[in-house]
Amino acid sequence: MNLLLARLLFVLGSMFIGYQAGGNSFIGIAIGALAALIMILIEVGLRKVSVSGLSSAVFGLILGLIMAKLVGDAFSLAAMDANMLSRIRVGLTLIFCYLGMVMALRGKDEFNIIIPYVRLRRQDQSLDVVLLDTSVIIDGRIVDICKTRFLGGKVIIPKFVLRELQQIADSTDPIKRQRGRRGLEILNTIQNEPGMDITIHEQDFSETSEVDAKLVLLAKLLEAKILTVDFNLNRVASIQGIKVLNINELANALKPVVFPGEEMHLKLIKEGKEHNQAIGYLDDGTMVVVEDARRLIGQDVKVVVTSVLQTQAGRMIFTKIEK
């Protein structure tokens, strides 16, 4: 049964009820049809309301009703007119229900953690949530990752990260200002990417001013992963038991594997740190150190791999000139 058929059956049922309630007259049919159309318009208007938001609102409404009942019972202990007490109960019910729904909707992610059933999902299913930090947005490679669909689940951009991006974009330093504007453009690009579930999270932590500390606290609260290229944030979050997705580590893992004895061509760019060394780079940015090649800087040479060193900052390949 599709949506159109369900609406048609609802209109026909409403017209039949209106026909019977109106004394078997055409006016009753018209009233039933009008009431059904109004309900369908309301249903269309609620299309953007999520199930999690609706469940959070219901939870807040229940809390409001409980609080109104408790406070109303406290008022009933005082000697007052029954009509006045009834008006007070109605007012308290309206106020607490409104406050409960608003607070639940504003903090629906926190309610989802406190009350797991609000998620309306099986307990053995995990909701994959990824937080983006400022560095990974400015880096720009997140756009290609989103396009290739390697990043699944719900992507959350904290409001304090967005605020930091705006501060960088408004900086008096031209380099920082350019980086901030680039980050805002990238953010707009990934938000418009079809198929991506990206939301802005309003939660802030006033007890700290550090963005990295706020990211760690939010990741703990939402049981989320952090996507970053910041090495220090990677270390701090990992120590506190938070899963971190580092784009630099992914890029290093995807670089082609080379073995000792393998030959390659590259252009020597600059001097190395040690005596008579020269430095070149592969297409993916991997540094290649060539022994006894300082005299050949600026030339294209053929080298043989002698060893490969994997460090936390990346990979270095040591070679020598093929004789």
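Residues numbered from 1 in each chain as written. Predicted model: local features only at pLDDT ≥ 70, side-chain atom pairs only at ≥ 80, totals over all residues. Heavy atoms only, no water.

1. Quick notes on the overall build of the chain
Quick note on the threshold: We count a stretch as a helix when DSSP gives it H or I for four or more residues in a row; a strand needs E for two or more, and each element gets its number in order from the N terminus. Partly exposed describes any residue whose relative accessible area lies between the buried limit of under 20% and the exposed limit of over 50%, with all areas from a 1.4 Å probe on protein chains only and scaled to the type maximum. The contact rule is simple, with two residues in contact once any of their heavy atoms fall within 4.5 Å. Where accessible areas are quoted, they stem from the Shrake-Rupley method and a 1.4 Å probe; at the residue level, only the protein chains shown are allowed to cover.
For the chain, the helix and strand inventory stands at 12 helices and 10 strands. Relative to its full complement of 323 residues, the chain shows a buried share of 33%. Considering only residue pairs separated by 6 or more positions, the chain has 57% of its internal contacts joining residues 24 or more positions apart. Total accessible area computed for the chain in this model is approximately 20,600 Å², and 61% of it derives from carbon and sulfur atoms.

2. Thoughts on the environment of Lys243
Note on placement: Lys243 falls in the loop between helix H11 (231-239) and strand E5 (244-246). According to the relative accessible area criterion, Lys243 is exposed, its value standing at 59%. On a C-alpha basis, the gap between Lys243 and Ala219 in space is 8.9 Å, while along the polypeptide they are 24 residues apart. Setting aside residues no more than four positions away along its own chain, Lys243 makes contact with Ala224, Lys225 and Ile226.

3. Some words on the packing of helix H8 (residues 159-169) against helix H9 (residues 174-191)
Applicable threshold: To obtain each axis, a line is fitted to C-alpha atoms, and for helices this fit is confined to the stretch in contact; angles are then taken between N-to-C directions over 0 to 180 degrees. Working rule for angles: under 35 degrees goes down as roughly parallel, over 145 as roughly antiparallel, 65 to 115 as roughly perpendicular, anything else as oblique. Two helices that cross are described as forming a left-handed crossing if the nearer one is turned anticlockwise from the farther one by less than a right angle, and a right-handed crossing if clockwise. By the convention adopted, Pro, Cys, Tyr, Trp, Phe, Met, Ile, Leu, Val and Ala count as nonpolar, Lys, Arg, Asp and Glu as charged, and the other residues, Gly among them, as polar.
One way to put it is that H8 packs onto H9 with a least axis distance of 6 Å and a crossing angle of 140 degrees. The pairing of H8 with H9 is recorded here as oblique in orientation. Regarding H8 and H9, the two cross each other, and that crossing is left-handed. Along the contact surface, H8 presents Leu162, Leu165, Ile168 and Ala169, while H9 presents Lys176, Arg177, Gly180, Arg181, Gly183, Leu184 and Leu187. Classifying every residue of the contact of H8 with H9 by side-chain character gives six nonpolar, two polar and three charged.

4. Brief notes about the nonpolar core
The condition that has to hold: For the purposes of this section, nonpolar cores are sets of buried Ala, Val, Leu, Ile, Met, Phe, Trp, Tyr and Cys residues that join through side-chain atoms within 4.5 Å.
Membership of the largest hydrophobic core comes to 39 residues, with the highest contact counts inside it found for Leu131, Leu132, Ile137, Ile142, Leu151, Ile190 and Leu227. Those residues in contact with Leu132, other than ones at most four positions away along the chain, are Ile137, Ile142, Val155, Ile156, Ile157, Pro158, Val161, Ile190, Leu215 and Leu227.

5. Examining the environment of Asp73
The following threshold applies: In protein, a polar contact means a hydrogen-donor-capable atom and an acceptor-capable atom, both N or O and within 3.5 Å, with residues adjacent in sequence counting only if both atoms are side-chain atoms; elsewhere, any N or O pair within 3.5 Å suffices.
On the secondary structure map, Asp73 appears in helix H3 (residues 51-76). Exposure remark for Asp73: the relative accessible area of 27% places this residue in the partly exposed category. Separated by 16 residues in sequence, Asp73 and Arg89 have C-alpha atoms that sit 8.7 Å apart. A polar side-chain atom of Asp73 sits 2.7 Å from a polar atom in the side chain of Lys69.

6. Regarding H11
The test is simple: For this quantity, the arc is that covered by the directions from the helix axis to the C-beta atoms.
Residues Leu233, Asn234 and Ala237 constitute the buried set of H11. Around the axis of H11, the buried residues are gathered within 105 degrees of arc, so they sit on the same side. Turned more than 90 degrees away from the buried face of H11, the exposed residues are Asn232 and Ile239. In this structure, the buried side of H11 is in contact with helix H10 (211-222), strand E4 (225-228), E5 and helix H12 (247-253). Where H11 begins, the side chain of Asp230 points an oxygen toward the backbone nitrogen of Asn232, at a separation of 3.0 Å.

It is worth stressing that arrangement in space is one thing and function is another; only the former is reported here.
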